[in-house]
Amino acid sequence: MKKQLIPVLAGLLAGVLVATLFFAEFTTYGPYSTAGVNSAAEKVYVPLGEHDDYYLIASGGHSGQLYVYGIPSMRRIRTVPVFTPDPATGYGFNQKTKEMLGGYTWGDFHHPALSLTEGEYDGKWLFATDVANNRIAVLDLKTFMVKDMLKVPNTGGPHCSAFVTENTEYIFLPTRFSVPFGHEYASLDDYEKKFKGVMSAVTFDEETQKLELAYQVALPPYSYDVADTGKGISADWAVITTYNTELATTDLEINASQFDRDYLVLFNWRELEKKIEQGEYDLIDGIKVIDPLKHKGGIYLVPAAKSPHGVDVTPDGKYFISSGKLAPLLTVFSFEKAFEAIEKEKFVDEKFGIPVLDYESVMVREVNPENALGPLHTTFDDQGYAYSSMFISSEVIKWNYETGEVVDRVDVHYSPGHLVAAEGDTKSPKGEWLVSLNKMAKDNFLSVGPSHPESMQLIDISGDKMEVVLTVPVDPEPHYAQIISADKINPIHVFEKDEGRPNSVWRQEDARIERKGNEVHVYGIAMRSKYIFDANAKRKDVIEVEEGDRVFIHLTNIDLDQDITHGLGISDYDLTMEIQPGETVTLEFTADKAGTYPLYCTNFCSALHQEMKGYLLVKPKK
Ligand SMILES: [Cu+2]
């Protein structure tokens, strides 16, 4: 007995020691500390019947989707398809959205950008960019649906976009990779001569709800990373970070990290607009292109710390802060100093026709918090503080951008990329909340195999000390997000009944099937709990066509009640659609397989939802 007692006690002691160390580790942050449990939980609790105070609008990265969360609960409210087909909503399956996606089955949604009025979110539109397939989309925030999509030419991934000017005059999309015009073949030996770092200026017309390419700028063949627009005194300006100013064409890990400084591109978009008006551009494949080698002015380069990633303009519009991912520095630059340097032509060099400003004459201060590594992005609160993410040291640093003083630091888990504070990139940030978009979750959640989710952490920034109050998993991969006051967004509950809408049917007796040659048009109704495709048929819920027919099913959901959405799935035809209350949607396909195919409502709509079904009958060719 005595012999056994020692190992047992030793084991207990070791256990206590391990537990102490373990909890000591975890009491350094967030909801796991005993003292903080209630307050952190209370801070994020939103009772049933009440709603969150803010929307968090996050890009879904290479899922091609938009994620909508509520803050402070961090509940994921909706996944909205943007660049990728989505069977849950029929997006990319129905006629209109299939055409809009242009045949692509994925996208890489990098940055969401809310429309602005006088530098504030107006809650009307959301712009989204696809880094994989060079597209920009616009969503109507009354419906959270994509209204238009534009393919952007001459671009190798609009990574540092979209960014929007103070009154949504332009949405700018600088490329990530340089490519030759028209994506034509070119040897990489001709990189310097033939490749261009094209930035596109896109406009959005609220009336027609259309995006249009206004002009492009042929910037040097660097890589462009992130960007921001000015505010107030700097409202006519915008700034972009570059890397690979070494013009490396292979092994960028080494070859694009040679120089101690890369550049920020500083440009005056009013001046560029004037150039276009005055005809100072080349017309290339029908696109107006400003080439700084020929059309000088309005664009400048500012040297910045090695391979900068983020650049963010302060709410007062006075400074732009760049973060060098290969240098531990946060650099504060002054717009006023830059304007003065431009006026006095304090140029130290010229690159591809663009004057390079003297670093010292634009820089205000370098901030280098002790042991903080990998600064990426900066967001702002309502008290004059900046919050910067540190990718390598996995923390958020709170600092005063007027003095450079670091006032607080908090660990995040792990490796934050972007971070976002409530309306933190507008003229009037709200403070209150900050979300750290972490690239790694590692051990935070139950394991689902070798690939882990990313994580988002909600941080209370209302007091002097930042407090991590909630950690949630997230699908790959939010690159950027914006937080907007919930009261700025007013979605509709049902689509307005519009009897003049093409292909719509509102009275049951008007539902009909019309044949025009080998085209069959079904003008049908979806309602609780049935389909009416042909009011005069023996079986109103059956569509019968001939093999080879081109079929158009135009369906109107006449249930004008909130949340009564219907669907239509056709078995074995790989077809699905969603029809929201009051909406008319068209599904177009060729009936190329003869046979009997059940169809049914995919979206639960009533107690008799299971009864909402019918048949597609495809008569074989004789
Ligand atoms: Cu239904």
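See the structure above.
Residues numbered from 1 in each chain as written. Predicted model: local features only at pLDDT ≥ 70, side-chain atom pairs only at ≥ 80, totals over all residues. Heavy atoms only, no water.

A. Representation of the overall build of the protein chain in the model. Helix and strand content of the protein chain: eight helices and 43 strands. Its C-alpha atoms give the protein chain a radius of gyration of 28 Å, within 12% of the compact-globule value 25 Å for 622 residues. By its C-alpha atoms, the protein chain is 95 × 80 × 45 Å across when sized along the principal axes. Scored against the burial criterion, the 622 residues of the protein chain give a buried share of 57%. Restricting to contacts in the protein chain with at least 6 residues of sequence separation, those with at least 24 account for 59%. Only carbon and sulfur atoms are counted for the fraction: they give 51% of the accessible area of the protein chain, which is about 27200 Å². The protein chain carries 59 positive and 92 negative side-chain charges, and their two centres are separated by 5 Å. (Helix = DSSP H or I, 4+ residues; strand = E, 2+ residues; numbered from the N terminus. Rg over C-alpha atoms; globule rule 2.2 N^0.38 Å. Buried < 20%, exposed > 50% of the residue type's maximum accessible area, 1.4 Å probe, protein only. Contact = heavy atoms within 4.5 Å. Areas by Shrake-Rupley, 256 points an atom, 1.4 Å probe, with all protein chains shown as cover. Lys, Arg positive; Asp, Glu negative; His and termini not counted. Charge placed at Lys NZ, Arg CZ, Asp CG, Glu CD.)

B. Representation of the pattern of salt bridges. Following the criterion strictly, the structure yields 30 salt bridges and no others. Salt-bridge contacts for Lys-488 lead to Glu-423; the nearest nitrogen and oxygen are separated by 2.8 Å. Separated by 65 residues along the polypeptide, Lys-488 in the loop between β33 (481-485) and β34 (512-516) and Glu-423 in the loop between β29 (416-422) and β30 (431-438) bring together distant segments of the chain. Lys-488 sits in the partly exposed class, given a relative accessible area of 23%. Bridged by salt links that share partners, the residues Lys-497, Glu-499, Arg-507 and Asp-510 form one connected network. (Salt bridge = Lys/Arg side-chain N within 4 Å of Asp/Glu carboxyl O.)

C. Region of interest: the coordination of the copper ion. Coordination sphere of the copper ion, protein contribution only: His-566 (ND1), Cys-601 (SG), Cys-605 (SG) and Met-612 (SD), at 2.1 to 2.6 Å. Considering all four donor atoms around the copper ion, the spread of angles at the metal, 91 to 126°, places the coordination shape in the tetrahedral class. (Donors = N, O, S within 2.8 Å, 3.2 Å for Na, K, Ca; no water. Tetrahedral: all angles 85-135°; square planar, octahedral: opposite > 155°, others 65-115°.)

D. Molecular detail of the environment of Ala-227. Within the secondary structure, Ala-227 is located in strand β13 (residues 223-229). Distance in space between the C-alpha atoms of Ala-227 and His-309 is 9.0 Å, their sequence separation being 82 residues. Ignoring sequence-local partners within four residues, the contact set of Ala-227 consists of Cys-160, Phe-163, Val-239, Ile-240 and Val-311.

E. Main features of empty space enclosed by the protein. Under the definition given, this model contains one cavity of 30 Å³ or more. Lining the largest cavity are 35 residues; nearest its centre among them are Ala-227, Asp-228, Asp-425, Tyr-480 and Gln-482. For the lining of the largest cavity, the secondary-structure elements that each account for two or more residues are β4 (109-117), β8 (163-164), β13, β19 (308-313), β25 (375-380) and β29. At five residues, the largest contribution of residues to the lining of the largest cavity is made by β4. Taken together, the residues of the lining of the largest cavity break down into 18 nonpolar, twelve polar and five charged. (1 Å grid on protein atoms, 1.4 Å probe; cavity = no way out; pocket = protein on both sides within 12 Å on 5 of 7 lines; lining within 4 Å. Points joined across faces, edges and corners; volume = space filled by probe spheres on them. Nonpolar A, V, L, I, M, F, W, Y, C, P; charged D, E, K, R; others polar.)

F. Summary view of the sheet that holds strand β7 (residues 145-151). Reading across the sheet, the four strands line up as β4-β5-β6-β7 and stay open at both edges, with antiparallel pairing between neighbours. Because the sheet does not close on itself, it has two edges, and the strands there are β4 and β7. Neighbour-to-neighbour, the strand axes of this sheet turn through a mean angle of 25°, independent of strand direction. In terms of strand pairing, strand β5 (residues 120-130) meets strand β6 (residues 135-140) through six bridges, oriented antiparallel. Within β6, the position partnered with Trp-125 by the bridge is Asp-140. (Pairing = 2+ DSSP bridges. Axes fitted to C-alpha atoms, helices over the stretch in contact; angles between N-to-C directions.)

G. Spotlight on the sheet that holds strand β27 (residues 395-400). Within the open sheet, the four strands sit side by side as β25-β26-β27-β28. Their pairing is antiparallel. The open sheet has two edge strands with one neighbour each: β25 and β28 (406-411). Averaged over neighbouring strand pairs, the angle between their axes works out to 20° when direction is ignored.

H. Structural context of the nonpolar core. If you look at the biggest cluster of nonpolar residues, it comprises 38 residues, and the most contacted ones within it are Leu-66, Val-82, Phe-127 and Ile-171. The greatest single-element share of this core, amounting to five residues, is contributed by β5. Beyond its immediate sequence surroundings of up to four residues, Val-82 is in contact with Gly-64, Gln-65, Leu-66, Tyr-91, Leu-101, Phe-109, Ala-128, Ala-137, Leu-139, Val-146 and Met-149. (Core = buried A, V, L, I, M, F, W, Y, C linked by side-chain atoms within 4.5 Å.)

I. Representation of a nonpolar patch on the surface in the model. A cluster of nonpolar side chains, contributed by Leu-373, Phe-391 and Ile-392, occupies part of the molecular surface with about 270 Å² of accessible area. Judged by its relative accessible area of 31%, Phe-391 falls in the partly exposed class. (Patch = residues over 30% accessible without salt bridge, like charges linked within 9 Å, V, L, I, M, F, W, Y side chains within 5 Å.)

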